[in-house]
Every structure is written in structure tokens, then in C-alpha cells.
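As a plain string of letters, each chain reads:
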Amino acid sequence: TRLVIQGDLPLGNFLATMALIRKIGNDSVRSYETCNEILLTFIPLRNLTTMLNKSTDLQDQKRVMQRCRDVTAEILLSGRAEQGGIQRSRLYNSADMLPIRLANV
């Protein structure tokens, strides 16, 4: 400000410089706030990644479901043999008519 008062720096240049410094400062604050928002997402993201990387029982469930399909197929085939053979389309529909069995409950 002393240069402006002494006349060594035009007032317009001084005001333009101050406006530029204010804009850079405001942009810096916004950048800092954005970085903080990004950093705040790291902990939830780490927790989500940890949860999604945990082991599952998918292979066990797959084996159970395969065993259920195998048992159902055995029952359907034994029923077909008892009935003297039935058409393939009726074979699949007849699964709805099988009695419900519970084992190892």
C-alpha cells in the first residue's frame, strides 16, 4: 500500500493484484475442502473393501444345492422307473409333486 500512496504503483494494478490473490486464496480453500471430503471417504471405503473381501460359504452352498439336485433327480428317476417311464416334459413338471423331505435338521 505504501507504493500506491507514494505513486510508484498504480491503484488499478494494486487492486487487480489483490483480486487475483483473493481468487487464488478462495480456490485454494475449495481445493483443501475437496481433498478433505475425499480423505473422509477412505475409512468407509476401506471398511467396504474389507467386508467384500471376506471369505464366503459359496462353495459349501454350491455343494449343498448340487446334492439337492442330485437327490431330486434320483427320486424322479426312481419314480419314472416305477411308473413304467414317463415323457421328459412330465418328468420335470413332476418335481412339483414330490413330497417334501427334511434331513439332518
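Residues numbered from 1 in each chain as written. Predicted model: local features only at pLDDT ≥ 70, side-chain atom pairs only at ≥ 80, totals over all residues. Heavy atoms only, no water.

A.B. asks: In this structure, what is going on with the overall build of the protein? I would like to understand it.
C.D. replies: For the protein, the count of helices and strands is four helices and zero strands. Sequence-ordered secondary structure for the protein, helices as α and strands as β, is α-α-α-α. Accessible surface computed for the protein: about 9700 Å², of which carbon and sulfur atoms make up 60%. (Helix = DSSP H or I, 4+ residues; strand = E, 2+ residues; numbered from the N terminus. Areas by Shrake-Rupley, 256 points an atom, 1.4 Å probe, with all protein chains shown as cover.)

A.B. asks: I tried to follow the pattern of salt bridges on my own but got confused; where do I start?
C.D. replies: Should their charged atoms come close, side chains of opposite charge can pair. Under the definition given, this model contains four salt bridges. Put simply, D27 and K23 hold a salt bridge, and the shortest N to O gap is 3.3 Å. Of this pair, D27 and K23 both sit in helix 2 (residues 11-52), four residues apart, which is roughly one turn of that helix. For R30, the salt bridge identified is with D27, shortest N-O distance 2.2 Å. Within this pair, R30 and its partner D27 are both found in helix 2, separated by three residues, close to a single helical turn. A network of salt bridges, in which partner residues are shared, links K23, D27 and R30. (Salt bridge = Lys/Arg side-chain N within 4 Å of Asp/Glu carboxyl O.)

A.B. asks: Quick question: what am I supposed to make of a nonpolar patch on the surface here?
C.D. replies: A surface patch of nonpolar side chains, amounting to about 700 Å² of accessible area, comprises I38, L39, F42, L45, L48, M51 and L52. Within the secondary structure, I38 sits in helix 2. Note on I38: relative accessible area 43%, which makes it partly exposed. (Patch = residues over 30% accessible without salt bridge, like charges linked within 9 Å, V, L, I, M, F, W, Y side chains within 5 Å. Buried < 20%, exposed > 50% of the residue type's maximum accessible area, 1.4 Å probe, protein only.)

A.B. asks: For this particular structure, what's the right way to read helix 2?
C.D. replies: For helix 2, built from 42 residues, the straight-helix expectation of 62 Å at 1.5 Å per residue is met to within 8% by its first-to-last C-alpha distance of 61 Å. Maximum bend of helix 2: about 25 degrees, positioned at I43, with proline P44 one to four residues after it. (Expected span 1.5 Å × (residues − 1). Bend = angle between axes of the 7 residues up to and from the residue.)

A.B. asks: Looking at this structure, I do not really get the environment of L3. What am I missing?
C.D. replies: Within the fold, L3 resides in helix 1 (residues 2-6). Judged by its relative accessible area of 45%, L3 falls in the partly exposed class. Between the C-alpha atoms of L3 and F14, which are 11 residues apart in sequence, the distance is 9.1 Å. Other than its neighbours up to four places away in sequence, L3 contacts D8 and L9. (Contact = heavy atoms within 4.5 Å.)

A.B. asks: What should I look at first to understand the confidence of the model for the protein in this one?
C.D. replies: Predicted coordinates in areas of low pLDDT are best not read in detail. Of all residues in the protein, 85% attain a pLDDT of 70 or more, and the chain-wide mean is 84. Considering each helix and strand of the protein separately, the mean pLDDT is smallest for helix 4 (residues 88-93), with a value of 49, and largest for helix 2, with 94. (pLDDT = per-residue confidence, 0-100.)

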